[in-house]
Amino acid sequence: MKEKRVLVKFSGEALAGGSGFGIEPEILKYIAEEIKSLAVAGVQIGIVIGGGNIIRGVSASQGGIIGRTSGDYMGMLSTVINSIALREAIERVGLNVRVQSAIKMEAICETFIIGRAIRHMQKGRVVIFAAGTGNPFFTTDTAATLRAIEMESDMIIKATKVNGVYDKDPVKFSDAQLIGELSYDKALADDIKVMDDTAIALAKDNKLPIVVCNMFEPGNIAKIVVDEDLSGCSVVK
Ligand code: UDP
């Protein structure tokens, strides 16, 4: 049987829980358990975690003191902070983990080398890709899509607070319907917001399926990857 390999993208914001800022230990623990349920099933796992709970480049540059590129580097560094926290949490549930950063910081973690990352995954280690793409003007969604393609992942899972893509805003309309499957072109044309256009276009060019799911439904990620049950979530492909 072919080994399954997936890239799971968590937003930084999710880590903050209700407070909207910083890192909530209970959420780290929860994510670690979700990742463990994939690992025990033999799935090879890459993770990208955003930095929105600490700094986003666009917001940081809004006051006019910090330029956009500096703000973006600050944002990338915030993903490193989250990655280190997540590494600890995942190690505590008994898994081996490596963090690889797109920006060299050898006292803290490995530098991103795709061949090395793949070797880690083949040895059963979870790899967390930190510091985005290493370039300003990108998002961690794009970084996650890029890493998923580089590691020849079967899919990218965008783990969010919502179940998936709806035909209209589910907060405003009680009759909003979840869309089970949609094309990359439809996702781009409708500006679905679950991923930015750069990430969707990159996935489209490389035929990488994007699964959008609710990360706060326990067992959901394993259900998608291990059981191949995509009910209750959306796939862009
Ligand atoms: N960022 C960047 N280049 C990248 C990835 C991220 O400059 O390749 C910066 C950007 O400023 C972004 C911040 O890092 O706002 C945090 O990432 P993101 O906003 O994607 O985090 P999330 O929304 O997933 O929490």
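What you are looking at is a predicted structure, and each value in this text was computed from that prediction instead of being measured.

Novice: Would you explain the packing of aromatic side chains in this entry?
Specialist: Centre-to-centre distance and the angle between the planes together describe a pair of aromatic rings. Under the definition given, this model contains 2 aromatic pairs. Each ring, one from Y30 and one from F216, has its centre 6.0 Å from the other, and the planes form 25°; the classification is stacked. Placement of the pair is Y30 in helix α2 (residues 25–39) and F216 in the loop between β10 (210–214) and α9 (220–225), with a sequence separation of 186 residues. The exposure class assigned to Y30 is partly exposed, which follows from its relative accessible area of 21%.

Novice: Is there a simple way to think about the pattern of salt bridges in this case?
Specialist: Two side chains carrying opposite charge are able to pair once their charged atoms lie near each other. Applying the stated criterion to the full structure yields 17 salt bridges. Between K104 and E106 there is a salt bridge, with the nearest N and O atoms lying 3.9 Å from each other. Accessibility classification places K104 together with E106 in one group, the exposed group. Residues K193 and D191 are paired through a salt bridge, measuring 2.9 Å at the closest nitrogen-oxygen approach. Judged by its relative accessible area of 64%, K193 falls in the exposed class. Owing to a relative accessible area of 39%, D191 belongs among the partly exposed residues under this scheme. One salt-bridge network, in which partners are shared between bridges, spans K9, D141 and K158.

Novice: Hey, could you run me through the side chain of S61 in this one?
Specialist: Among the secondary structure elements, S61 is positioned in the loop between α3 (57–60) and α4 (68–92). Take S61: its relative accessible area is 19%, and that puts it in the buried class. In this structure, S61 is in contact with I66, G67 and R68, ignoring residues within four places of it in sequence.

Novice: I'm lost on the nonpolar core in this one. Help?
Specialist: Across soluble globular proteins, nonpolar side chains show a tendency to be buried alongside one another. Among the nonpolar cores identified, the biggest contains 42 residues, and F10, I35 and I90 are the most heavily contacted of them. Counting residues per element, this core draws most heavily on α2, at 6 residues. Apart from the residues within four sequence positions on either side, I90 is in contact with A32, I35, I47, L95, V97, V126 and I128.

Novice: Honestly, the UniProt feature "binding site: ATP" (unreviewed entry) in the protein in this entry has me stumped. Any pointers?
Specialist: When the UniProt feature table is mapped onto this chain numbering, "binding site: ATP" (unreviewed entry) sits at K9, F10, S11, G12, G52, R56, T160, Y166 and D169. The largest pairwise C-alpha distance within this set of annotated residues, which runs over 161 residues, is 26.0 Å, so the set is dispersed in three dimensions. Along the chain, the position of T160 falls in strand β6 (residues 155–160). Residue contacts for T160: discarding those within four places in its chain leaves V212, C213, N214, M215 and F216. If you trace the backbone, D169 turns up in the loop between β7 (165–166) and β8 (178–179).

Analysis parameters
- Residues numbered from 1 in each chain as written.
- Predicted model: local features only at pLDDT ≥ 70, side-chain atom pairs only at ≥ 80, totals over all residues.
- Heavy atoms only, no water.
- Phe/Tyr/Trp six-rings, centres within 6.5 Å; stacked < 30°, edge-to-face > 60°.
- Helix = DSSP H or I, 4+ residues; strand = E, 2+ residues; numbered from the N terminus.
- Buried < 20%, exposed > 50% of the residue type's maximum accessible area, 1.4 Å probe, protein only.
- Salt bridge = Lys/Arg side-chain N within 4 Å of Asp/Glu carboxyl O.
- Contact = heavy atoms within 4.5 Å.
- Core = buried A, V, L, I, M, F, W, Y, C linked by side-chain atoms within 4.5 Å.
- UniProt positions renumbered as here; feature names shortened; annotations may be inferred.

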